[in-house]
Amino acid sequence: MTLRLFSRLCGLVAVVAALLVLAGWAWDVPALEALFPGFPATQPTTALVIGLLGGGLLSAASDRPPARGLARALSVLVALICVATILAYAGFDIGVDRWLFPDRVAEQRFIPHPGRMGQMTITCALLLAFAIAAKARRRWPRTAVGAATVALLLAAAASLAFVFNAGTAGFASVSIPTAAVLAVLGAGVLAAPPLTGWPRRLTLDTPGGAVSRLLLPLAVLTPAGIGAIALIATREGYFSPDFRLAVVCAVTATAFGAMVIWAADRIDALEAARQQLRHRAAEAQAGETRLRAVADAVPGLLFEGDAEGRNTYVNARYLAYTGLPFDELLGEGWRQVVHPDDLGPLYAVWIDAVREVHPVQQEVRIRRADGAWRWFMLRAAPARDAEGQVEKWIGVATDITDQREAMELQRTLLQEVSHRVKNSLALVSSLLGLQARTLQDAPRRALEDAAARVHAVARVHDQLWRGAGMREIDLSAFLTDLCAAVAGTAPQHATRVDAEPAVVSADLAVPLGLLVNELLTNAYKYAYPEGEGGEVQVRGASAPGGRYRLEVTDRGRGLPADFNLAGSRESLGMRVVTSLAAQLGGELTAGSAEPGARFTLEFPLGAAAPSSPE
């Protein structure tokens, strides 16, 4: 239950109690007039004042100005009734005692002033009216707490007088139902907003608040309990009334002394805990200082951000490199030092990483203090707390400019070497072709075939050098580009390529490319009649067990009836094909495509580097 709700509940209790008393007077129900059976009746004017105070308390707890204005108006009305009653005691009676139910009020006997509030009730009502008005205006909150506290103490004293059967007279005379409701109103006013003073101390989530919530009820209830026990013991004859005071004082002093010792132990424990926290804080500060020193020594631009990715710290090297002050690099200040062409992609990647909570790795250019742009590899990752929530982001940007330049130089050199090798192979192929023109029949065909194969090697090398520096080749792109290059030598044929992606080492790509080249050129030469064109298809697909299936198919005249792939030793082309298949560790088969011929090679993608052909 919140304190605001408790305050409203206290006001509601007062309003209900007042309505019950007034209903008892209206319909002559003595049990309702007394509110508590067996006690004297509560006067109608007292019930009216209690009801007005309860309504004022209900309105004062609201945040709406009109409601608080009503609370102030009801408080003023209570004050006027109390002042009129005080004047009546002074001899200036304006009949306030007989405003409600005058005939029934006059029937009360043995009451000096029928229908009139007692002095104690008037005092408590004035104090509560002032406290409610002050809290409704949100002014003098501490004075309001003081007034409500005095009213609560007076009502509690009157209630305890009845509990101890002490009897009251004169100024202290007040019925126990009225005293109980006034005590409830006092508690409700203390809990009403704005909360301040000692009531607020009870709500604090601090060691002092916890101790107060434990000790205050004990301090309030202990004297009353000890007094009640002493009174019962006296009535039972255990000790005389004169000795009772000494017993009450001794027991009360013992109880409060125990509370003091307990509070002292608690304070010592809290002080020890505070010292331990200070020690841990000092250690944490020293650890943070060491971490900052390490961060400043890191050979990179180190940064730290909050859970939303905004910079909260950058190291000294970051400041020295950019030449910007610390404050300008906090938040999203890093954006001003990132190259405009890299800022958009980096920002999109960064926002996605923060939203999806995953590490970041991105190459960007960052401006140096002298205006030069250098390449950095930026890496960042989230750091989580004990509950698994993102607490902050930690990242570092490492200069990779020299590495990129070295890699680019290496790539350029590799491409240059590959280009020269390709040109040298092309030159050898041309020389073989020229030499073949000087020969006839079988020697000439042998040299022409040799020139074609050397040219095929150059063609495969040409495809590989485009990915210079790469240790792995994607078969889909490699076969597509290679077949396109081979098809350029036979434009009358239609070459179709459909190869699924697969990755092989660059060493495997060379024999595989030569095999495809040999099968394609054979299909161009022998599948269709001389001078006529046709279709040749190359298909590649992944096979079970980490293998790859490659097919070269034509729609021509097909293989001879007596064709035997294993026994084709007189054909240099078939010997080359079978030798290359063996290098790849694959299984080569030949058959009919109905119509045409189909050559199928199934080989492992993860085969070791091939050996030299036989």
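Residues numbered from 1 in each chain as written. Predicted model: local features only at pLDDT ≥ 70, side-chain atom pairs only at ≥ 80, totals over all residues. Heavy atoms only, no water.

> Give a description of the sheet that holds strand 1 (residues 301-305) that names residues and reports values.
Strand order in the open sheet formed by five strands is 2-1-5-4-3, and the pairing between neighbours is antiparallel. Strands at the two margins of the open sheet, each flanked by one partner only, are strand 2 (311-314) and strand 3 (360-367). Across the sheet, the mean angle separating the axes of adjacent strands is 25° when strand polarity is ignored. Of the strands in this sheet, strand 1, strand 3, strand 4 (373-384) and strand 5 (390-399) are in contact with helix 13 (residues 340-356), which crosses strand 3 at around 150°. (Pairing = 2+ DSSP bridges. Helix = DSSP H or I, 4+ residues; strand = E, 2+ residues; numbered from the N terminus. Axes fitted to C-alpha atoms, helices over the stretch in contact; angles between N-to-C directions. Contact = heavy atoms within 4.5 Å.)

> Provide a residue-level description of the sheet that holds strand 10 (residues 547-554), including the pertinent values.
If you walk across this open sheet you meet the five strands as 7-9-10-12-11, and the pairing is mixed. Looking along the sheet, the strands with just one partner apiece sit at the ends: strand 7 (494-499) and strand 11 (587-592). The mean inter-strand angle of the sheet, taken between neighbouring strand axes irrespective of direction, is 15°. Examined bridge by bridge, strand 11 and strand 12 (residues 597-604) share six bridges and lie antiparallel to one another. Note on strand 12: the bridge partner recorded for Ala590 is Phe599. Against the sheet, helix 16 (residues 475-487) makes contact with strand 7, strand 9 (535-543), strand 10 and strand 12, and its axis sits at roughly 175° relative to strand 7, the strand it touches most.

> So what about the pairing of strand 2? Which residues, and what values?
Along any regular strand the residues' side chains alternate between the sheet's two faces. Where strand 1 and strand 2 come together, three bridges link them in antiparallel fashion. Across the sheet, Glu304 pairs through a bridge with Tyr313, a residue of strand 2. Where strand 1 hands over to strand 2, the hairpin turn is made up of five residues, of which Gly309 adopts a positive phi near 90°.

> Lay out the confidence of the model for the protein chain in plain terms, naming residues and giving numbers.
Here the protein chain averages 81 in pLDDT, while 85% of its residues score no lower than 70. Here residues 166-172 is a poorly scored stretch, pLDDT under 50, and it has ten contacts once near neighbours within four places are set aside; other chains count. The low-confidence segment residues 608-614 (pLDDT under 50) makes eleven contacts with residues lying over four places distant or belonging to another chain. (pLDDT = per-residue confidence, 0-100.)

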